[in-house]
Amino acid sequence: MARIQLINFASLPYEFWFGVPAATGRRLAESIPNVEPFMKKEPEQKPEHKREEALPERLIKRVFEGFGAAVDRGLGRGATTSQGGLTTTALIDRMKRLIDERARTDERGVRIAPHLLKLKVEWGRHAEAPPEIIKELEHEVLAAAIDYINDSRYSTLAPVRIETEVDIFTSGVSVDPTYGEFEQQLKEQDEAKRREQELGSPFIPRTQTPDVRVAARVTTADGPRETELVFKPGGPRLGVGRGTDNDLYINDRSVSKIHAALRMNKEGTLLVADTGSTNGTFINGRRIAYGEAREIQEGDVVGFGDIEVRFRKL
C-alpha cells in the first residue's frame, strides 16, 4: 500500500498553487480545513460606541477625577475605589463641621457663622485642571455652604462668598471657613474676654503675634554673609531670588529672579518651596520638586542654584 505524506500547505508559497495569482492561492489555502489555524487573520473590527454624555456630566466627572485623590490626601484618608461623589461629599462634610465649630454667639444671642470660604488648591492640581473645572468646584462648595448656613438658621457678618487660591504649601484641596475681614477683630475680642475672666480685670489684646528672627548665612564666591529674616508663624511667605525685591536677595547667575519661597508654619517650622527656578532648589544636595514644600531642619544646607544657605534661629 502506498504511504500518504502529509504536507502543510500553508507553509508553501502561493506560486506553488499551479502558478495561480497570490489572491487566488490565499482563497484556496483558506478552503482547506486543517490550514486555517496557520493562517494570519485580520483583527476583527469592534463596533464603535458613541459617547452620549452630556456636557455637564462630563464636567462633573472631570471634577471628581481631577480632585478625588487630592481631596483624599487633604482629608487624611486613604485612596478609595470610588472617584465619584464620595470625595467631594467628604470635603463638603468637613466644611460643614468647621462651620459648626467656628460658629459663635453674639451679645444678642444670635448664632453667627463664617462667611468667607477659602478654597486652597495644591499648585499641581490647579495647573492640571482647566479653569471651568475650578469654577465648577467653587460653585458646588459655595452652594452647599449657603444651603447649610440657611438650614442651620445661622446669620453671617457679610454675604457668603468663596475665594480660591493656589498654595504650594497646601497638599491636595481644602476648604477653610473664616470670618474674613472680621477675623482678627473677633480673635481680639475672644482673647480679651478670656483674660478678663481669668484675671478679673480688662485686658488689652495684642494686635500682632511674636515674630521669629532667622539668620540666613549665604555663601558665595565673594565669601559668606548673613542676612536677617523676620518670620511670622503661620504668616506670609518670604521670597528668595536674584530680583532685588526679594526678602532674601542673592545676586548670582545660577539663581532665578523669583527662585523660591520661605515660610514658617504655626508650629514654628521653617519650610522652603521652589517656585519655578531654572537651576533648582536643594536640601543637603537633593533637589526638591517644583512647588513642593519641604521642611528645613537645624544644620541643613539649602542650595539655591549654586549658592548654599544655612538658616538658624536668633
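Observations regarding the overall build of the protein chain
On a plain count of helices and strands, the protein chain comes out with six helices and 16 strands. At a minimum sequence separation of 6, the contacts of the protein chain that also span at least 24 residues come to 54%. A total accessible area of about 20,400 Å² is found for the protein chain, and carbon and sulfur atoms account for 50% of it.

A look at the pairing of strand β3 (residues 116–122)
Most of β3 is tucked away, with five of its seven residues classed as buried. Bridge count between β3 and strand β5 (residues 173–178): six bridges; the pairing is antiparallel. Bridging from a neighbouring strand, Lys 120 pairs with Ser 174 of β5.

Considering the pattern of salt bridges
This structure, assessed with the given rule, holds ten salt bridges. In this structure, Asp 211 and Lys 232 form a salt bridge, with 3.0 Å as the shortest nitrogen-oxygen distance. Residue Asp 211 is located in the loop between α6 (183–199) and β6 (212–220), and its partner Lys 232 is located in the loop between β7 (223–231) and β8 (238–241); the two are separated by 21 residues in the primary sequence. Since its relative accessible area comes to 42%, Asp 211 is described here as partly exposed. With relative accessibility at 28%, the residue Lys 232 sits in the partly exposed group. Because the salt bridges share partners, they merge into one network encompassing Arg 161, Glu 163 and Glu 181.

Some points on the sheet that holds β7
Pairing in this open sheet of six strands is antiparallel, and the strands run β7-β6-β16-β15-β12-β13 from one edge to the other. With partners counted over all chains shown, the strands left at the sheet margins are β7 and β13 (286–287), one partner each. Two elements, β6 and β7, share nine bridges in a ladder whose sense is antiparallel. Bridging across to β7, Ala 216 finds its partner in Thr 227.

Focus on the side chain of Asp 274
Considering the arrangement of structural elements, one finds Asp 274 in strand β11 (residues 270–274). For the buried Asp 274, no salt bridge exists, and the shortest N-O distance to an oppositely charged side chain is 5.6 Å, to Arg 287. Within the structure, the side chain of Asp 274 is placed 2.6 Å from the side chain of Ser 277, a separation counted as a polar contact. Setting aside its immediate chain neighbours within four residues, Asp 274 contacts His 259, Ala 260, Gly 280, Thr 281, Ile 288, Ala 289, Tyr 290, Gly 291 and Glu 292.

Overview of the sheet that holds β8
With mixed pairing, the five strands of this open sheet are ordered in space as β9-β8-β10-β11-β14. Strands at the two margins of the open sheet, each flanked by one partner only, are β9 (248–249) and β14 (293–295). Bridge count between β8 and β9: two bridges; the pairing is parallel. Residue Gly 241 lies in a different strand from β9, and its bridge partner there is Tyr 249.

Side note on the nonpolar core
One finds Leu 248, Leu 262, Phe 304, Val 309 and Phe 311 to be the most contacted residues of the largest nonpolar core, which totals 24 residues. Those elements that provide at least two residues to this core are β6, β7, β8, β10 (260–264), β11, β15 (302–304) and β16 (307–313). Looking at which element gives the most residues to this core, the answer is β6, with four residues. Setting aside anything within four residues of it in sequence, one finds Leu 262 in contact with Leu 229, Phe 231, Arg 237, Leu 238, Val 240, Leu 248, Leu 271, Val 272, Ile 296 and Phe 311. Core analysis: the second largest hydrophobic core is formed by 20 residues, Leu 137, Ile 149, Tyr 154 and Val 173 among them.

Describing unusual backbone geometry
A positive phi angle, close to 60°, is found at Arg 153, a residue other than glycine. With respect to the secondary-structure elements, Arg 153 resides in the loop between α5 (131–151) and β4 (161–167). In this structure, Asn 284 takes a positive phi of about 55° despite not being glycine. With respect to the helices and strands, Asn 284 occurs in the loop between β12 (281–283) and β13. Classification of Asn 284 as partly exposed rests on a relative accessible area of 47%.

Considerations on the pairing of β11
By the criterion of burial, β11 is predominantly enclosed, with five of the five residues buried. On β11, burial covers both faces: Leu 270, Val 272 and Asp 274 on one face and Leu 271 and Ala 273 on the other are all buried. Pairing between β10 and β11: five bridges, direction antiparallel. Considered in β11, the bridge of Met 264 is made with Leu 270. Hairpin connection between β10 and β11: a loop of five residues separates the two successive antiparallel strands, and Gly 268 in this loop has a positive phi of roughly 85°. Examined bridge by bridge, β11 and β14 share three bridges and lie antiparallel to one another.

Conventions and cut-offs
- Residues numbered from 1 in each chain as written.
- Predicted model: local features only at pLDDT ≥ 70, side-chain atom pairs only at ≥ 80, totals over all residues.
- Heavy atoms only, no water.
- Helix = DSSP H or I, 4+ residues; strand = E, 2+ residues; numbered from the N terminus.
- Contact = heavy atoms within 4.5 Å.
- Areas by Shrake-Rupley, 256 points an atom, 1.4 Å probe, with all protein chains shown as cover.
- Buried < 20%, exposed > 50% of the residue type's maximum accessible area, 1.4 Å probe, protein only.
- Pairing = 2+ DSSP bridges.
- Salt bridge = Lys/Arg side-chain N within 4 Å of Asp/Glu carboxyl O.
- Lys, Arg positive; Asp, Glu negative; His and termini not counted.
- Polar contact = N/O pair within 3.5 Å; in protein donor to acceptor, adjacent residues only side chain to side chain.
- Core = buried A, V, L, I, M, F, W, Y, C linked by side-chain atoms within 4.5 Å.

Note that all results are geometric; they support no functional claim without further evidence.
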